[in-house]
Amino acid sequence: MTTTDAITATPTATTPTTATTPTTSAVGPSAARYVSPDWATRHIANPIVKTLVRMGLGVRGARELHVRGRSTGEWRIVPVNPLTIDGCTYLVAPRGRTQWVRNLRAAGNGRLRIGRRFEEFTAAEVADSDKVPVLRAYLDAWGFEVGKFFDGVSATSTDDELRAIAADFPVFRVDVT
(Lines give C-alpha, C1' and ligand atoms only; values in the text may rest on other atoms or scores of the structure.)
Protein backbone atom coordinates (compact mmCIF):
# COMPACT_ATOMS: atom_id res chain seq x y z
CA MET A 1 0.00 0.00 0.00
CA THR A 2 1.27 3.47 -0.73
CA THR A 3 0.71 6.79 0.94
CA THR A 4 1.36 10.27 -0.33
CA ASP A 5 2.74 13.61 0.60
CA ALA A 6 -0.57 14.77 1.98
CA ILE A 7 -0.56 18.30 0.73
CA THR A 8 1.18 17.68 -2.57
CA ALA A 9 -0.51 14.63 -4.07
CA THR A 10 2.72 12.71 -4.10
CA PRO A 11 2.96 9.06 -3.14
CA THR A 12 5.44 7.41 -0.89
CA ALA A 13 5.87 3.74 -0.17
CA THR A 14 5.31 2.29 3.26
CA THR A 15 8.82 0.92 2.91
CA PRO A 16 11.77 3.08 1.87
CA THR A 17 12.13 3.64 -1.85
CA THR A 18 14.98 4.72 -4.02
CA ALA A 19 14.35 7.99 -5.79
CA THR A 20 15.11 8.56 -9.40
CA THR A 21 17.01 11.79 -9.36
CA PRO A 22 15.98 14.43 -11.84
CA THR A 23 18.18 14.29 -14.90
CA THR A 24 18.48 16.40 -17.97
CA SER A 25 19.56 15.58 -21.49
CA ALA A 26 20.32 17.55 -24.60
CA VAL A 27 16.59 17.71 -25.33
CA GLY A 28 15.40 18.65 -21.85
CA PRO A 29 14.30 17.24 -18.52
CA SER A 30 13.85 13.53 -17.93
CA ALA A 31 10.32 12.11 -18.04
CA ALA A 32 11.34 9.76 -15.21
CA ARG A 33 11.79 12.52 -12.60
CA TYR A 34 10.82 11.39 -9.10
CA VAL A 35 11.63 13.07 -5.79
CA SER A 36 11.29 10.69 -2.87
CA PRO A 37 9.60 12.01 0.30
CA ASP A 38 11.51 12.14 3.56
CA TRP A 39 10.86 10.06 6.70
CA ALA A 40 8.70 12.71 8.40
CA THR A 41 6.43 12.95 5.37
CA ARG A 42 6.03 9.18 5.09
CA HIS A 43 5.57 8.45 8.78
CA ILE A 44 3.97 11.56 10.28
CA ALA A 45 2.37 13.97 7.79
CA ASN A 46 0.78 11.43 5.42
CA PRO A 47 -0.85 9.28 8.12
CA ILE A 48 -2.30 12.36 9.81
CA VAL A 49 -3.82 13.75 6.61
CA LYS A 50 -5.09 10.31 5.57
CA THR A 51 -6.89 9.95 8.89
CA LEU A 52 -8.45 13.40 8.60
CA VAL A 53 -9.65 12.72 5.04
CA ARG A 54 -11.22 9.43 6.09
CA MET A 55 -13.01 11.31 8.88
CA GLY A 56 -14.39 13.71 6.25
CA LEU A 57 -12.05 16.59 7.10
CA GLY A 58 -10.27 17.31 3.82
CA VAL A 59 -7.56 19.76 4.85
CA ARG A 60 -7.58 22.43 2.10
CA GLY A 61 -9.53 20.08 -0.18
CA ALA A 62 -7.47 16.92 0.37
CA ARG A 63 -8.96 13.64 -0.83
CA GLU A 64 -7.92 10.01 -0.98
CA LEU A 65 -7.11 8.80 -4.46
CA HIS A 66 -8.02 5.15 -5.02
CA VAL A 67 -6.48 3.65 -8.15
CA ARG A 68 -5.90 0.04 -9.22
CA GLY A 69 -2.28 -1.12 -9.14
CA ARG A 70 -0.94 -1.75 -12.61
CA SER A 71 0.56 -5.16 -11.70
CA THR A 72 -1.67 -6.53 -8.96
CA GLY A 73 -4.99 -4.89 -9.76
CA GLU A 74 -5.37 -4.16 -6.03
CA TRP A 75 -6.60 -0.76 -4.90
CA ARG A 76 -3.77 1.63 -4.04
CA ILE A 77 -4.68 4.57 -1.84
CA VAL A 78 -2.88 7.90 -1.53
CA PRO A 79 -3.93 11.33 -0.23
CA VAL A 80 -4.01 13.97 -2.98
CA ASN A 81 -5.07 17.58 -3.45
CA PRO A 82 -7.37 18.00 -6.42
CA LEU A 83 -7.17 21.42 -8.06
CA THR A 84 -10.27 22.91 -9.67
CA ILE A 85 -9.93 25.50 -12.44
CA ASP A 86 -13.00 26.82 -14.27
CA GLY A 87 -15.04 23.78 -13.23
CA CYS A 88 -12.39 21.25 -14.30
CA THR A 89 -10.60 19.11 -11.71
CA TYR A 90 -6.91 18.23 -12.01
CA LEU A 91 -4.40 16.10 -10.15
CA VAL A 92 -0.80 17.34 -10.23
CA ALA A 93 2.24 15.27 -9.19
CA PRO A 94 4.86 17.75 -7.92
CA ARG A 95 7.29 14.93 -7.09
CA GLY A 96 7.22 13.63 -10.65
CA ARG A 97 6.53 10.14 -11.95
CA THR A 98 5.25 8.60 -8.72
CA GLN A 99 3.59 5.21 -8.27
CA TRP A 100 0.12 6.76 -8.31
CA VAL A 101 0.96 8.46 -11.61
CA ARG A 102 2.09 5.17 -13.16
CA ASN A 103 -0.99 3.37 -11.86
CA LEU A 104 -3.39 6.08 -13.07
CA ARG A 105 -1.78 6.06 -16.52
CA ALA A 106 -2.36 2.31 -16.71
CA ALA A 107 -5.87 2.25 -15.21
CA GLY A 108 -7.29 5.43 -16.73
CA ASN A 109 -9.79 5.74 -13.89
CA GLY A 110 -10.16 5.65 -10.14
CA ARG A 111 -12.10 7.27 -7.34
CA LEU A 112 -11.69 10.15 -4.92
CA ARG A 113 -12.83 9.79 -1.33
CA ILE A 114 -13.70 12.26 1.41
CA GLY A 115 -15.26 10.73 4.50
CA ARG A 116 -17.75 8.08 3.36
CA ARG A 117 -18.34 9.67 -0.05
CA PHE A 118 -16.63 8.27 -3.16
CA GLU A 119 -16.57 9.90 -6.59
CA GLU A 120 -15.75 7.60 -9.50
CA PHE A 121 -13.78 9.29 -12.28
CA THR A 122 -11.98 8.85 -15.54
CA ALA A 123 -8.62 10.53 -16.02
CA ALA A 124 -6.86 11.89 -19.05
CA GLU A 125 -3.26 13.04 -18.93
CA VAL A 126 -2.79 16.66 -19.93
CA ALA A 127 -0.33 17.33 -22.77
CA ASP A 128 2.83 19.22 -21.78
CA SER A 129 1.84 22.11 -24.04
CA ASP A 130 -1.45 22.51 -22.12
CA LYS A 131 -0.04 22.34 -18.57
CA VAL A 132 1.03 25.99 -18.15
CA PRO A 133 -2.25 27.38 -16.68
CA VAL A 134 -2.67 24.30 -14.46
CA LEU A 135 0.89 24.43 -13.13
CA ARG A 136 0.57 28.19 -12.52
CA ALA A 137 -2.68 27.72 -10.56
CA TYR A 138 -1.20 24.79 -8.64
CA LEU A 139 1.86 26.81 -7.66
CA ASP A 140 -0.37 29.72 -6.70
CA ALA A 141 -2.44 27.46 -4.42
CA TRP A 142 0.29 25.13 -3.12
CA GLY A 143 3.61 26.89 -3.77
CA PHE A 144 4.25 27.32 -0.05
CA GLU A 145 4.22 23.52 0.26
CA VAL A 146 5.56 22.24 -3.06
CA GLY A 147 7.67 25.12 -4.36
CA LYS A 148 10.87 23.31 -3.41
CA PHE A 149 10.11 20.63 -6.04
CA PHE A 150 9.86 23.16 -8.86
CA ASP A 151 13.50 24.31 -8.91
CA GLY A 152 12.86 28.04 -8.60
CA VAL A 153 9.84 28.16 -10.90
CA SER A 154 6.82 29.80 -9.24
CA ALA A 155 3.31 31.03 -10.03
CA THR A 156 4.86 34.31 -11.18
CA SER A 157 7.28 32.65 -13.63
CA THR A 158 6.88 33.22 -17.35
CA ASP A 159 4.92 30.86 -19.56
CA ASP A 160 8.19 29.80 -21.20
CA GLU A 161 9.68 28.85 -17.81
CA LEU A 162 6.60 26.81 -16.91
CA ARG A 163 6.57 25.17 -20.36
CA ALA A 164 10.24 24.20 -19.91
CA ILE A 165 9.49 22.17 -16.75
CA ALA A 166 6.09 20.78 -17.78
CA ALA A 167 7.40 17.35 -18.82
CA ASP A 168 8.67 16.72 -15.27
CA PHE A 169 5.26 17.23 -13.62
CA PRO A 170 2.46 14.85 -14.65
CA VAL A 171 -1.02 16.43 -14.68
CA PHE A 172 -4.35 14.59 -15.10
CA ARG A 173 -7.77 16.00 -15.87
CA VAL A 174 -10.33 14.19 -13.71
CA ASP A 175 -13.90 13.80 -14.99
CA VAL A 176 -16.38 12.51 -12.40
CA THR A 177 -18.63 9.81 -13.85
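For the structure itself, look to the data block above.
In this text the structure is predicted, and so the values were computed from the model without any measurement. (Residues numbered from 1 in each chain as written. Predicted model: local features only at pLDDT ≥ 70, side-chain atom pairs only at ≥ 80, totals over all residues. Heavy atoms only, no water.)

Draft legend 1. Local environment of the sheet that holds strand β11 (residues 171–176). Overall, antiparallel pairing links the seven strands, which are arranged β6-β5-β9-β10-β11-β8-β7 in an open sheet. The open sheet has two free edges, formed respectively by β6 (75–80) and β7 (83–85), since each of these has just one partner strand. Recorded for the sheet is a direction-independent mean angle of 35° between the axes of neighbouring strands. Pairing geometry for strand β8 (residues 88–92) and β11, over four bridges, is antiparallel. Each residue of the ladder has a partner; that of Y90, found in β11, is R173. Helix α2 (residues 99–107) contacts β5 (63–68), β6, β8, β9 (109–114), β10 (117–125) and β11 of the sheet and is inclined by roughly 55° relative to β5. (Pairing = 2+ DSSP bridges. Helix = DSSP H or I, 4+ residues; strand = E, 2+ residues; numbered from the N terminus. Axes fitted to C-alpha atoms, helices over the stretch in contact; angles between N-to-C directions. Contact = heavy atoms within 4.5 Å.)

Draft legend 2. Broad picture of the pairing of β11. Examined bridge by bridge, β10 and β11 share five bridges and lie antiparallel to one another. Each bridged residue has a counterpart across the sheet, and for F121 the counterpart in β11 is V176.

Draft legend 3. Here's a closer look at the environment of G115. By the element assignment, G115 lies in the loop between β9 and β10. The spatial distance from the C-alpha of G115 to the C-alpha of V53 is 6.0 Å, given a sequence separation of 62 residues. Apart from residues lying up to four places away in sequence, G115 is in contact with V53, R54, M55 and G56.

Draft legend 4. Broad picture of the pattern of salt bridges. Applying the stated criterion across every chain yields a total of eight salt bridges. The salt bridge partner of R163 is D160, with a shortest N-O separation of 2.7 Å. Of this pair, R163 and D160 both sit in helix α4 (residues 159–165), three residues apart, which is roughly one turn of the helix. Taking relative accessible area as the criterion, R163 reaches 40% and is therefore assigned partly exposed. (Salt bridge = Lys/Arg side-chain N within 4 Å of Asp/Glu carboxyl O. Buried < 20%, exposed > 50% of the residue type's maximum accessible area, 1.4 Å probe, protein only.)

Scope: geometric values only; no functional claims are made or implied.
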